[in-house]
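# Commentary on secondary and tertiary structure
The residues making up each chain are set out below.
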Amino acid sequence: MEKRELLYEGKAKKLWLTDDENILIAEFKDDLTAFNAEKKGSEQGKGALNCKISTELFALLEKNGVKTHLIETLDDNNQLVKKVDIIAIEVVVRNTATGSLSKRLGVEDGKVLPFTLVEFYLKDDDLNDPIICENHCMLLELVDDRDKLDILKQKGLQINRLLKEFFEERRLNLVDFKVEFGIDSEGEIILSDEISPDSCRFWDMDSGEKLDKDRFRQNLGNVKVAYEEVLKRILGDKS
Ligand SMILES: Nc1ncnc2c1ncn2[C@@H]1O[C@H](COP(=O)(O)OP(=O)(O)O)[C@@H](O)[C@H]1O
Ligand SMILES: [Mg+2]
């Protein structure tokens, strides 16, 4: 598959057109951003780590019945993916309170939630990705049918069940994560974008150490070491 023109450059990835109109190449960059790109940085090797981590997690999800955009991982930084129309809703799934949930609503940081919380945020950097309710999703025509919101929620919960258990076996607490979905050429809603320490929070179950982008957000240092540790846990005996 041939890499053609650049379709879009985001904060963490570049999307390239290919000689097949339904297929893109997603290239993972070393750039790191936080607080809607107010804070910027770069960590050599971060793109390759996220590419590998996302590859492993998408493969795990596919194996368990979650359809994803991933076709094949080409090399350290590049994935062949199905081109989708991204649904402009960031689906956030939370097991433990932290971050904006604690800040906005005063839920104690680190509190294990009595049930898995699914939230929708508008994917719009200019508006600072605000939290939205189902009626906002309909009002803004982010989906054409209310049932699709239920599908997003159910898929978020399914992904959470699979990943939470997988990481528990590796002594990592999956605190929360963000996923994006898109509509493929057959009209099906599939998991897209990436799942990595940029988009998840992982806390070591023994030491409590943060092993995700919060190390960058909060200037905790050792960002790359943390991402490497997540990959190591994922690979387990495979590494
Ligand atoms: N399979 C896909 N088809 C089309 N767009 C995609 C696909 N997967 C991810 N995207 C989009 O690619 C863009 C680039 O990724 P990223 O750098 O993470 O962007 P952002 O700065 O918006 O977070 C995002 O807008 C994401 O929604
Ligand atoms: Mg992104």
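Residues numbered from 1 in each chain as written. Chains lettered and ligands numbered in written order. Predicted model: local features only at pLDDT ≥ 70, side-chain atom pairs only at ≥ 80, totals over all residues.

### Let's talk about helix H6 (residues 223–235)
Spanning 13 residues, H6 covers 19 Å between terminal C-alpha atoms, matching the ideal 18 Å at 1.5 Å per step. Val223, Ala226, Tyr227 and Val230 are the residues of H6 that are buried. Within H6, the buried residues cover an arc of 100° as seen down the axis, which keeps them to one side. Facing away from the buried side of H6 by over 90 degrees, the exposed positions are Val225 and Lys232. Buried residues along H6 sit in contact with helix H1 (46–63), strand E14 (200–204) and helix H5 (214–217). Residue glycine 236 follows H6 closely and has a positive phi angle near 50°. (Helix = DSSP H or I, 4+ residues; strand = E, 2+ residues; numbered from the N terminus. Expected span 1.5 Å × (residues − 1). Buried ≥ 20, exposed ≤ 12 C-beta atoms within 10 Å, placed from the backbone. Arc of directions from axis to C-beta. Contact = placed C-beta atoms within 7 Å.)

### Re the environment of proline 197
By the element assignment, proline 197 lies in the loop between strand E13 (189–192) and E14. Here the alpha-carbon distance between proline 197 and leucine 231, two residues 34 residues apart in the chain, equals 9.5 Å. Not counting residues within four places of it along the chain, the set of residues in contact with proline 197 comprises Ile53, Phe202, Leu211, Asp212, Lys213, Ala226, Tyr227 and Val230.

### Points about the domain arrangement of the protein chain
Entries for the protein chain in the domain assignment read domain 1 (3–82) and domain 2 (87–222). A separation of 18 Å is found between the C-alpha centroids of domain 1 and domain 2. Contacts between the two partners involve 19 residues from domain 1, matched on the other side by 24 residues from domain 2. When residues of the side of domain 1 that touches domain 2 are traced back to their parent elements, those giving at least two are strand E4 (31–34) and H1. (Domains from an automatic or database assignment.)

### With respect to the packing of H1 against helix H4 (residues 146–168)
Where H1 contacts H4, the two axes come as close as 10 Å, and the packing angle between them is 120°. By the angle between their directions, the pair H1 and H4 is classed as oblique. The chirality of how H1 crosses H4 is right-handed. Contacts from Leu57, Leu60 and Leu61 of H1 reach H4 at Ile159, Leu162, Leu163 and Phe166. (Axes fitted to C-alpha atoms, helices over the stretch in contact; angles between N-to-C directions. Parallel < 35°, antiparallel > 145°, perpendicular 65-115°, else oblique. Left-handed = near helix turned anticlockwise from the far one by under 90°.)

### Some words on unusual backbone geometry
Phi angles above zero are rare outside glycine, and aspartate 129 is one such case at about 45°. One non-glycine residue, glutamate 141, lies in the positive phi region at around 55°. With respect to the helices, strands and loops of the structure, glutamate 141 is situated in the loop between helix H3 (134–139) and H4.

### Focus: the packing of H1 against H6
For the pair H1 and H6, interaxial distance at closest approach is 10 Å and the crossing angle is 25°. Relative to H6, the element H1 is oriented roughly parallel. Crossing angle aside, the handedness with which H1 passes H6 is left-handed. Residues Lys46, Leu49, Lys52, Ile53 and Glu56 of H1 lie in contact with H6, whose contacting residues are Lys224, Tyr227, Glu228, Val230, Leu231 and Ile234. The residue inventory of the contact of H1 with H6, partitioned by class, reads six nonpolar, no polar and five charged. (Nonpolar A, V, L, I, M, F, W, Y, C, P; charged D, E, K, R; others polar.)

### Let's talk about the site of ligand 1
As a structural note, the neighbourhood of ligand 1 is formed by 18 residues, with Gly10, Lys11, Ala12, Lys13 and His69 the closest of them. Mapped by element, the contributors of at least two residues to the shell around ligand 1 are strand E2 (13–18), strand E3 (23–28), strand E7 (78–82) and strand E12 (172–183). Looking at side-chain class alone, the shell around ligand 1 contains eight nonpolar, four polar and six charged residues. Here the shell around ligand 1 spans two domains, and each of domain 1 (3–82) and domain 2 (87–222) adds at least three residues to it. (Near = placed C-beta within 6 Å.)

### Quick look at the sheet that holds E7
With antiparallel pairing, the five strands of this open sheet are ordered in space as E1-E2-E3-E7-E6. Of all strands in the sheet, those bounded by a partner on one side alone are strand E1 (3–9) and strand E6 (70–73). Across the sheet, the mean angle separating the axes of adjacent strands is 30° when strand polarity is ignored. Strand direction decides the pairing type here: E6 and E7, joined by three bridges, are antiparallel. Opposite leucine 70, over in E7, you have valine 81 as the bridge partner. (Pairing = 2+ DSSP bridges.)

### Some words on the environment of valine 84
By the secondary structure assignment, valine 84 is in the loop between E7 and strand E8 (85–86). It is 18 Å that separates the C-alpha atoms of valine 84 and glycine 156, two residues lying 72 residues apart in sequence. Excluding residues within four positions of it along the chain, valine 84 makes contact with His69, Gly182, Ile183, Asp184, Ile190 and Ser192.

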